[in-house]
Amino acid sequence: MNPNTPPEELTGDLEIGKPYTEAAGIPAVVKSFEHVLQGTGLARGWKALVNLNQKDGFDCPSCAWPDPDGQRSSVAEYCESGAKAVADEVMTKHTASPVLFQRYSVAELLEKNDLWLGQQGRLTQPLILRPGATHYTPISWTDAFQLIGNQLNALDSPDEAIFYTSGRTSNEAAFLYQLFVRMFGTNNMPDCSNMCHESTSVALAETLGLGKASVKYDDYEKADVIMIIGQNPGTNAPRMLTPLEQAKRNGCKIIAVNPLHEAGLLAFKYPQSVRDVLFGGEKLTDLFLQVRINSDLALMKAMCKILLEEEKAAPGKVLDQNFIKQYTAGYDAFVKSLDHFDLGELAAQCGLTVGQIQEAVDLFKYTPKLIICWAMGLTQHRNAVDTINEVINLLLLKGSIGIEGGGASPIRGHSNVQGDRTMGIWEKPKPEFLDSLQRVFNFEPPRQHGYDTVAAVQAMHEGKAKVFFGMGGNFSMAVSDTNYTAEALKKCKLTVHVSTKLNRSHLIHGETALILPCLGRTDRDRQATGEQFISCESTTGVVAQSHGVLDPISTHLKSEVAIVAELAKATLNGKSTVDWDSLSGNYDLIRDLIEQTIPGFDKYNEQVRKPGGFYIPNGPRVRTFKTKDGKAHFTINTPTQHELQPGELLLMTVRSHDQFNTTVYGNDDRYRGIYNERRVLFMNSDDIANLGLQEKQVVDLHSQYGGQQRTAHRFIVVPYSIPRGCTAAYFPETNVLIPIDSVAEKSHTPTSKSIIVTVTPTN
Ligand SMILES: Nc1nc2c(c(=O)[nH]1)N[C@H]1C(S)=C(S)[C@@H](COP(=O)(O)OP(=O)(O)OC[C@H]3O[C@@H](n4cnc5c(=O)[nH]c(N)nc54)[C@H](O)[C@@H]3O)O[C@H]1N2
Ligand SMILES: Nc1nc2c(c(=O)[nH]1)N[C@H]1C(S)=C(S)[C@@H](COP(=O)(O)OP(=O)(O)OC[C@H]3O[C@@H](n4cnc5c(=O)[nH]c(N)nc54)[C@H](O)[C@@H]3O)O[C@H]1N2
Ligand SMILES: [Mo]
């Protein structure tokens, strides 16, 4: 057994059914209730569900999809994924209390799979694993903070510490956390964004001057065409299907670009609509382009080429020449560069015909009301930044930026990952941001850039970083190269995790390890001046409040804000001018400081109390581009192809319907017809035959990189509709295959969606 990875065992119960051709509907609602009620009492579960995304309720912890403008969601607009995330947090049937840790040593817990670890319930007390100890044991909060403070202060330099953040942390906690970390003296603040939408942030900053979506919620319903590329909304942003369905009813055409026929892209049944339930759902996608993995740059370029031809045929009708002239730079060079590419070759790279691409372009050639949505299918490739740049080229040609019903729409993952970045969780802070911190807090913030996620792992591995502090998340499982990352963490003197639930990263530890249990989104947060709320930013840039509604499962839990405040006191030893106690006693005071520091948060406390929250300013939305020359930029990007040798396949690592990132809720992936097993490999039938394999055969996956072979054992071959040469499996089990230095250019995001692998039968 490899102690760094989840156990590589099969359940022995795999059932393969038919993939779904529509998402949501009654089964999803029933499943939602099942999930919540199974793990908790009726009263607690019901209370949690009816307060999800409601005014005075809490922000759904599952994804960053916004509520309709100016409102919270309609009553019970919850989705199965949200319900599962809530169920996971509110379950009371079990608790990961000290009894559990007395019963199982760390070595024994490592033998359990991730589903089992998660099922142990909420953490209830601070725990410590002392040097050489076999079991975690309770520790008081005071001692825990003192220990961390001492270890941090004993480092040769603050840059020997790493402070990771996962995207559930609230604005208030994130702001205070980055303030503490910078007062301590480092910018080593990697976050989950580095593995997620960093490529988006880099590309959009380069082309539009702001790394965020340019659309508002209302725009989806006003669009004429929505293109959804490399995103699986039925599973990962199910509430997005509501405005998509509305858009369809308004006549919008939807184009899906994906190697898989994901159920949520095909049709949608609105669970609250009797008509849909009785008569079947709404067909969503008008045109499905089943592309090869990582061919989207070629696709976008082919579309741009066709648009230029169409413009020649109907001058002034296809491109928005006024927009291009007034607001953009680089158009002529871009148009010229297109001559170097052959339409037939571009189409062939995608595994499509020119006719199919023409069909897509025909849908939007005469309208600028085009929205392009994307997620991990675009961001996690070596050329991800270039691919997203090419998406922007297309939108710029059409003049689709800064209009109603058009725009760039990256779909963020974690519910506050975008807000965390706005609050300053970033290893590469802008000088203006640091200047503001200096002005408001009267200290000299460190100016040197810190480590991103991958660099942080490398620094720990090389012994340059010795303390790892995780504000949420499951670092060892989320990062690539599982074995290398584990070695890196094990070299640390101290690893600390602020967590709601037990996960494998608690078990892959440094010389000393701490688990600090915190309140989650659903928990009431009582502080010195009374009950507090927090706030989060959605994918469209709306900041809204979130109130926990349930009594915490243990009196020992602290809010993330309180944890940061105590940590700052224990570490900075009165060397800071900040009154940490007052701030953790009253979050309004933190919001006042955010208002003073970060542009766009004027009257934060007043605005955040409005139902539905408020939009923070967004340049591209009003055609203000904060690039060097104030223009939006066309860029020249060259498609690259993966040269596969005979026997090689290109692997993308995706989420199943029963997981939230590294948290496994169950072993099914219902929409793809998979039951009772996660270790599956989706393959094209011709590839299966060609490699001499058979359906349900058990195989090992190998990746070769820099002269090193990495292997993930025991996956069951499942024939599936996927282009030749492409294959898919779930993460985190496959992270062991991704070399730590296999990252996207410019954004450093691990290439989780394009790993060259070979497949051999398991011995
Ligand atoms: N229920 C649930 N919700 C979630 C999450 C979760 O794990 N569970 N995670 C949250 C987080 S943090 C994130 S970032 C988002 C992730 O949301 P998604 O990005 O939807 O997640 P993935 O499963 O990684 O799926 C990527 C999709 O891209 C496709 N794809 C892969 N490679 C390519 C490619 O080269 N080109 C194209 N065109 N398509 C490709 C895959 O087939 C798949 O449909 O979801 C968030 N919401
Ligand atoms: N191969 C591969 N790897 C990937 C990806 C992929 O598509 N393929 N996707 C990447 C992406 S998009 C992302 S975002 C990362 C995710 O990386 P992470 O954000 O690090 O991982 P999560 O699984 O979301 O973290 C789950 C843990 O967070 C803790 N938690 C939950 N809620 C809270 C809370 O409110 N507060 C605190 N303090 N803790 C909480 C729980 O203990 C839980 O175990 O993974 C990345 N890794
Ligand atoms: Mo993500």
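All values derive from a computational prediction rather than experimental measurement.

Novice: Explanation requested: the layout of surface pockets in the structure shown.
Specialist: The gaps left among the atoms become clear once a water-sized probe is rolled over them. By volume, the largest pocket is sized at about 1,400 Å³. Forming the walls of the largest pocket are 47 residues, and the residues nearest its centre are G209, L210, G211, W426 and K430. Breaking the lining of the largest pocket down by element, the ones donating at least two residues are α9 (198-208), α22 (417-422) and α23 (431-441). With five residues, α9 is the largest single contributor of residues to the lining of the largest pocket. When grouped by side-chain class, the residues that make up the lining of the largest pocket number 14 nonpolar, 18 polar and 15 charged. Looking at the lining of the largest pocket, you find at least three residues from each of domain 2 (89-192 + 419-619) and domain 3 (199-410).

Novice: Mind showing me how you'd approach the nonpolar core here?
Specialist: Taken as a class, soluble globular proteins show a tendency for nonpolar side chains to be buried jointly. Grouped together as the largest cluster of nonpolar side chains are 63 residues, with contacts concentrated most on F163, F180, L514 and W580. In terms of residue count, the dominant contributor to this core is helix α8 (residues 171-184) (10 residues). When sequence neighbours within four positions are dropped, the list of residues in contact with F180 reads L152, F163, V564, L567, A568, T571, L572 and W580. Counting residues in each nonpolar core, the second largest holds 53 residues, with M227, V291, L370 and F625 among its members.

Novice: Is there a simple way to think about the packing of α8 against α23 in this case?
Specialist: When two helices pack together, their arrangement is given by the angle between their axes and by how far apart the axes lie. At a closest axis distance of 12 Å, the pairing of α8 and α23 adopts a crossing angle of 85°. Comparing the axis directions of α8 and α23 gives the class roughly perpendicular. Contacts between α8 and α23 involve F175, Q178, L179, R182 and M183 from the former and F433, L434, L437 and F441 from the latter. Per-class residue counts for the contact of α8 with α23 are seven nonpolar, one polar and one charged.

Novice: I'm lost on the environment of Q380 in this one. Help?
Specialist: Residue position: Q380 is located in the loop between α20 (376-379) and α21 (384-398). Residue classification places Q380 among the buried positions, given a relative accessible area of 5%. Expressed as a C-alpha distance, the spacing of Q380 and S199, which sit 181 residues apart in the sequence, is 7.7 Å. The contact partners of Q380, leaving out residues within four places of it in the chain, are M195, T749, P750, T751, S752, K753 and S754.

Novice: When you look at the environment of T453 in this model, what are you seeing that I'm missing?
Specialist: Here T453 shows up in helix α24 (residues 453-461). With a relative accessible area of 1%, T453 lands in the buried category. Sequence-wise, T453 and V718 are 265 residues apart; in three dimensions their C-alpha atoms are separated by 33 Å. Excluding residues that lie within four positions of it along the chain, T453 makes contacts with Y164, P190, D191, N194, M195, F475 and V479.

Novice: Looking at this model, I keep getting lost on the site of ligand 2. Mind explaining?
Specialist: In the vicinity of ligand 2 lie 31 residues, with Y164, S166, E560, T662 and N735 positioned nearest. At 2.8 Å, a side-chain N or O of N503 approaches an oxygen atom of ligand 2. One nitrogen or oxygen atom from the side chain of N661 is found 3.0 Å from an oxygen atom belonging to ligand 2. In the complex, 96% of the free accessible area of ligand 2, which totals 930 Å², lies under the protein chains. Along the lines of polarity and charge, the residues of the shell around ligand 2 split into 11 nonpolar, 15 polar and five charged. Here the shell around ligand 2 gathers at least three residues from each of two domains, domain 1 (15-19 + 648-761) and domain 2 (89-192 + 419-619).

Novice: I'm lost on the site of ligand 1 in this one. Help?
Specialist: Among the 31 residues in the neighbourhood of ligand 1, the closest are listed as N258, E262, N294, Q659 and N661. Between a nitrogen atom of ligand 1 and a main-chain N or O atom of V257, the distance comes to 3.1 Å. N661 is positioned with one of its backbone polar atoms (N or O) 2.6 Å from an oxygen atom of ligand 1. With the chains in place, 99% of the 920 Å² that ligand 1 exposes on its own is no longer accessible. Elements with a contribution of two residues or more to the shell around ligand 1: α11 (233-236), α20, β25 (648-654) and β26 (659-660). Looking at the shell around ligand 1, its residues break down into 13 nonpolar, 14 polar and four charged.

Novice: Looking at this model, I keep getting lost on the sheet that holds strand β22 (residues 542-546). Mind explaining?
Specialist: By definition, the strands of a sheet pair up through backbone hydrogen bonds, in either a parallel or an antiparallel sense. What the three strands build is an open sheet, ordered β21-β22-β23; its pairing is antiparallel. Unpaired on one side and paired on the other, β21 (534-537) and β23 (614-615) mark the two borders of the sheet. The sheet contact formed by β22 and β23 spans two bridges and is antiparallel. Across the sheet, V542 pairs through a bridge with Y615, a residue of β23.

Novice: In this structure, what is going on with the pairing of strand β7 (residues 161-165)? I would like to understand it.
Specialist: Across a regular strand the side chains alternate sides, sitting on one face of the sheet and then on the other. Counting buried residues along β7, five of its five residues qualify, which places the element largely inside the surrounding structure. Across the two faces of β7 the burial is the same, with A161, F163 and T165 and I162 and Y164 all buried. Two strands pair when backbone bridges link them, and β7 and strand β16 (residues 467-471) are joined in this way by five bridges, in the parallel orientation. When the sheet's bridge partners are listed, T165 is paired in β16 with M471.

Novice: Help me understand the pairing of β16 in this model?
Specialist: Counting buried positions along β16 gives five out of five residues, so the element sits mostly inside the fold. The side-chain alternation of β16 yields two buried faces, one formed by V467, F469 and M471 and the other by F468 and G470. By the bridge criterion, five bridges tie β16 to strand β17 (residues 494-499) in an arrangement that is parallel. By the bridge assignment, F469 is partnered in β17 with V496.

Novice: Could you clarify how one ought to interpret the sheet that holds strand β8 (residues 225-229) in this entry?
Specialist: The strand order across the open sheet built from five strands is β12-β9-β8-β14-β15, with neighbouring strands paired in parallel fashion. A strand with exactly one partner marks an edge of an open sheet, and here the two such strands are β12 (287-289) and β15 (407-410). Strand after strand, the sheet turns through a mean of 15° between neighbouring axes, direction not considered. Two elements, strand β14 (residues 370-374) and β15, share four bridges in a ladder whose sense is parallel. Bridged to I372 within β15 is A408.

Novice: Where do I start with the packing of aromatic side chains in this structure?
Specialist: How two aromatic rings sit relative to each other is given by the distance of their centres and the angle of their planes. Taken as a whole and judged by the stated rule, the model has 25 aromatic pairs. An angle of 55° between the planes, with centres 5.1 Å apart, marks the rings of W65 and Y220 as tilted. Of the two residues, W65 is situated in the loop between α2 (42-50) and α3 (80-90) and Y220 in helix α10 (residues 217-222); the sequence distance between them amounts to 155 residues. With relative accessibility at 1%, the residue Y220 sits in the buried group. Joined through ring pairs, the aromatic side chains of F163, Y177, F180, F184 and F469 make up one cluster. Directly above the aromatic system of W116 lies the positively charged group of K112, at a separation of 4.8 Å from the ring centroid. The cationic tip of K216 hangs over the ring face of Y615; the distance from NZ or CZ to the ring centre is 4.6 Å.

Novice: It is not clear to me how α21 should be interpreted in this structure. Could you clarify?
Specialist: In an α-helix there are 3.6 residues to a turn, and that puts residues three or four apart on one side. With 15 residues, α21 extends 22 Å between its outermost C-alpha atoms, agreeing within 8% with the 21 Å of an ideal straight helix rising 1.5 Å per residue. When you tally the buried positions in α21, you get 15 out of 15 residues, the bulk of the element. One or two positions beyond α21, positive phi appears at G399, with a value near 65°.

Novice: Help me out: how do you make sense of the domain arrangement of the chain in this one?
Specialist: The parts lose accessible area when they come together, and the size of an interface is often stated as this lost area. For the chain, the assigned domains are domain 1 (15-19 + 648-761), domain 2 (89-192 + 419-619) and domain 3 (199-410). On the domain 3 side, the residues contacting the eight residues of domain 2 number nine residues. On the domain 2 side of the interface with domain 3, the three residues burying the most area are T540, Y615 and N618, jointly 61% of the side's total. In this structure, the connection of domain 2 to domain 3 is made through one salt bridge.

Rules of the game
Residues numbered from 1 in each chain as written. Chains lettered and ligands numbered in written order. Predicted model: local features only at pLDDT ≥ 70, side-chain atom pairs only at ≥ 80, totals over all residues. Heavy atoms only, no water. 1 Å grid on protein atoms, 1.4 Å probe; cavity = no way out; pocket = protein on both sides within 12 Å on 5 of 7 lines; lining within 4 Å. Points joined across faces, edges and corners; volume = space filled by probe spheres on them. Helix = DSSP H or I, 4+ residues; strand = E, 2+ residues; numbered from the N terminus. Nonpolar A, V, L, I, M, F, W, Y, C, P; charged D, E, K, R; others polar. Domains from an automatic or database assignment. Core = buried A, V, L, I, M, F, W, Y, C linked by side-chain atoms within 4.5 Å. Buried < 20%, exposed > 50% of the residue type's maximum accessible area, 1.4 Å probe, protein only. Contact = heavy atoms within 4.5 Å. Axes fitted to C-alpha atoms, helices over the stretch in contact; angles between N-to-C directions. Parallel < 35°, antiparallel > 145°, perpendicular 65-115°, else oblique. Near = heavy atom within 4 Å. Polar contact = N/O pair within 3.5 Å; in protein donor to acceptor, adjacent residues only side chain to side chain. Areas by Shrake-Rupley, 256 points an atom, 1.4 Å probe, with all protein chains shown as cover. Pairing = 2+ DSSP bridges. Phe/Tyr/Trp six-rings, centres within 6.5 Å; stacked < 30°, edge-to-face > 60°. Lys NZ or Arg CZ within 6 Å of the ring centre and 35° of its normal. Expected span 1.5 Å × (residues − 1). Buried area = accessible area lost by both parts, 1.4 Å probe. Salt bridge = Lys/Arg side-chain N within 4 Å of Asp/Glu carboxyl O.

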